[in-house]
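Read off the chains here:
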Amino acid sequence: MFCHQCGSTASQQWEGLCKNCFLKQYPLLSLEADLQVNICSNCHAQFQEGKWIGEGLPEEEIIYQTLEKNIKVSSLVEDPEIDLEILQMRGSIAECMIIARGKVLGEELTQEYETSLRLDKTVCPDCSKFAAGYYESVIQLRADSRSLYPEEIGQADEIIKENLNRLQEKNRMAYLSQRIKIKEGIDYYIGSQKVARKLVHKIREILGGFSQESPRLMGQDKSSGKDLYRTWISLRLPEFSIDDFISFKDRFAQVKSLDSRKIVVKDVSSLEKFSIPWKDYPAIEKLASFKDIQKTTLTAKTPKLIQLLHPTTYETIEVQSKPDFEELDIGDQVKVIDLKGKIYIIVEKNRKRS
Ligand SMILES: [Zn+2]
Ligand SMILES: [Zn+2]
């Protein structure tokens, strides 16, 4: 048998060639000479199979991934090793070099390939919405019957910032389009409604309060024909703060903690803790602030009664003793609160407001 290429006689042939001639013309891999990828110039998301996917990858990484995806290693190659190199960028075109190594018919081969990859840059729909100031939802942060405290605004700002940073990794629409301070409070314009709801929940976990949504029809999506809604979420923080005093269903109590579900309070008479769900907020009345707590002197003590000086009139008053008051001694300065003309002893330390 003669080799078609060199004419030498060979006992074994591959596609009519001797081993030498076959290996010389055998490609380790195949790929197109010109590759192209669509990316968003802003977020580097890629347009693939009709969808914008992924983002945040550096251009170099996008180039390497696109090369890898387009390289096909030939069937006879064993232990292939492929090195990719970007030789230079000419505008949006990357000139690339691929060095391939592998064994074919037991022989070690090395080959070099060159290709170019064009990065076509546009702006993805999410980035153009962001650029246009688009938003699906407005969180209206307010307080009930009072102004927001500066520390509440600071906490809400921080919660929104932290959670948006986290949510942005998965949701491109997790952005704050605008933050507007108005007389009544703060309005936060949020890219996605789903994200706005999550933010409201996160704020309520820390600051409590209750929320209400009002969707408004804004028109129709031109491409899908679906109705477009924008949602206003009013988040109203309670009139009271932690350590303030309230009345609820004829019980007087001090607010101890709150979260997104409930308000935990401590009855000032029985000293028992109980919780009130937010839906019962309208039945709560604020009686006094933690700032109204006064100090007075304990003048006498029996197993059943404690005698105090009234903090403002200095008259002697008597309060029923409780196991919690055990450690109080004659001469001690005790904390008291005047609620609707009656004096209650407050034994727990008050947390300081920052
Ligand atoms: Zn030959
Ligand atoms: Zn983008």
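Residues numbered from 1 in each chain as written. Chains lettered and ligands numbered in written order. Predicted model: local features only at pLDDT ≥ 70, side-chain atom pairs only at ≥ 80, totals over all residues.

Across four bridges, strand β14 (residues 245-248) lies against strand β15 (residues 251-258) in antiparallel orientation. Each residue of the ladder has a partner; that of isoleucine 246, found in β15, is alanine 253. What sits between β14 and β15 in their antiparallel hairpin is a turn of two residues, with lysine 249 showing a positive phi close to 50°. Alignment of β15 against strand β16 (residues 262-267), held across five bridges, turns out to be antiparallel. Its bridge partner being in β16, serine 257 is matched across the sheet by valine 264. (Pairing = 2+ DSSP bridges. Helix = DSSP H or I, 4+ residues; strand = E, 2+ residues; numbered from the N terminus.)

With that settled, consider the nonpolar core. Residues Ile139, Ile190, Ala196, Leu199 and Val200 are the most contacted members of the largest nonpolar core, which totals 20 residues. Residue assignment for this core shows that the elements contributing at least two residues are β9 (137-143), α4 (150-167), β11 (185-190), α5 (193-207) and β13 (227-237). Alanine 196 has contacts with Ser137, Ile139, Ile190 and Ile233, leaving out every residue within four places of it along the chain. Of all hydrophobic cores here, the second largest spans 19 residues; its members include Ile263, Val265, Leu308 and Val336. (Core = buried A, V, L, I, M, F, W, Y, C linked by C-beta atoms within 7 Å. Buried ≥ 20, exposed ≤ 12 C-beta atoms within 10 Å, placed from the backbone. Contact = placed C-beta atoms within 7 Å.)

Another point: the sheet that holds β14. Pairing in this open sheet of five strands is antiparallel, and the strands run β17-β16-β15-β14-β18 from one edge to the other. Looking at strand neighbours, the two that pair on one side only are β17 (273-277) and β18 (284-288), the edges of this open sheet. Ignoring which end each strand starts from, the neighbouring axes of this sheet average 45° apart. (Axes fitted to C-alpha atoms, helices over the stretch in contact; angles between N-to-C directions.)

Right, let's talk about α5 for a bit. Taking 1.5 Å per residue, 15 residues should reach 21 Å; α5 reaches 21 Å between its end C-alpha atoms and fits that length. If you check which residues of α5 are buried, you get Val195, Ala196, Leu199, Val200, Ile203, Arg204 and Leu207. Against β9, α4, β11, β12 (210-220) and β13 lie the buried residues of α5. Phi turns positive, to about 70°, at glycine 208, one or two residues after α5. (Expected span 1.5 Å × (residues − 1).)

Another aspect to go through is the domain arrangement of the protein chain. For the protein chain, the assigned domains read domain 1 (31-125), domain 2 (133-237) and domain 3 (245-346). The distance between the C-alpha centroids of domain 1 and domain 2 comes to 41 Å. (Domains from an automatic or database assignment.)

Moving on to unusual backbone geometry. In terms of backbone geometry, most residues other than glycine have negative phi values and most peptide bonds are trans. In this model, histidine 44 sits at a positive phi of 65°, which is unusual for a non-glycine residue. The topology assignment puts histidine 44 in the loop between β2 (34-40) and β3 (46-48). One non-glycine residue, leucine 271, lies in the positive phi region at around 65°. Take leucine 271: it is sitting in the loop between β16 and β17. By the C-beta count within 10 Å, which is 18 here, leucine 271 ends up partly exposed.

Here we come to the environment of tyrosine 134. Here tyrosine 134 shows up in the loop between α3 (125-131) and β9. Along the primary structure tyrosine 134 and serine 177 are separated by 43 residues, whereas in three dimensions their C-alpha atoms are 7.1 Å apart. Look past the residues within four positions of tyrosine 134 in its chain and what remains in contact with it is Lys129, Ser177 and Gly191.

Moving on, we come to the sheet that holds β2. Strand order across the open sheet formed by six strands is β4-β3-β2-β8-β7-β6, with mixed pairing between neighbours. Both edges of this open sheet fall to β4 (51-53) and β6 (78-90), since each of them pairs with a single strand only. Looking at each pair of strands side by side, their axes are set apart by 35° on average, direction ignored. Of the pairings in the sheet, the one linking strand β7 (residues 93-104) to strand β8 (residues 107-122) comprises twelve bridges and is antiparallel in character. Residue pairing for β8: cysteine 96 is matched across the bridge by threonine 115. Of the strands in this sheet, β2, β3, β6, β7 and β8 touch helix α2 (residues 59-70), which is tilted by about 135° from β2.

Attention shifts here to the pairing of strand β21 (residues 316-320). When strand β20 (residues 305-309) meets β21, the two strands line up antiparallel, connected through five bridges. Opposite leucine 308, over in β21, you have isoleucine 317 as the bridge partner. Hairpin connection, β20 to β21: the antiparallel pair is bridged by six residues, and tyrosine 314 has positive phi, about 60°.

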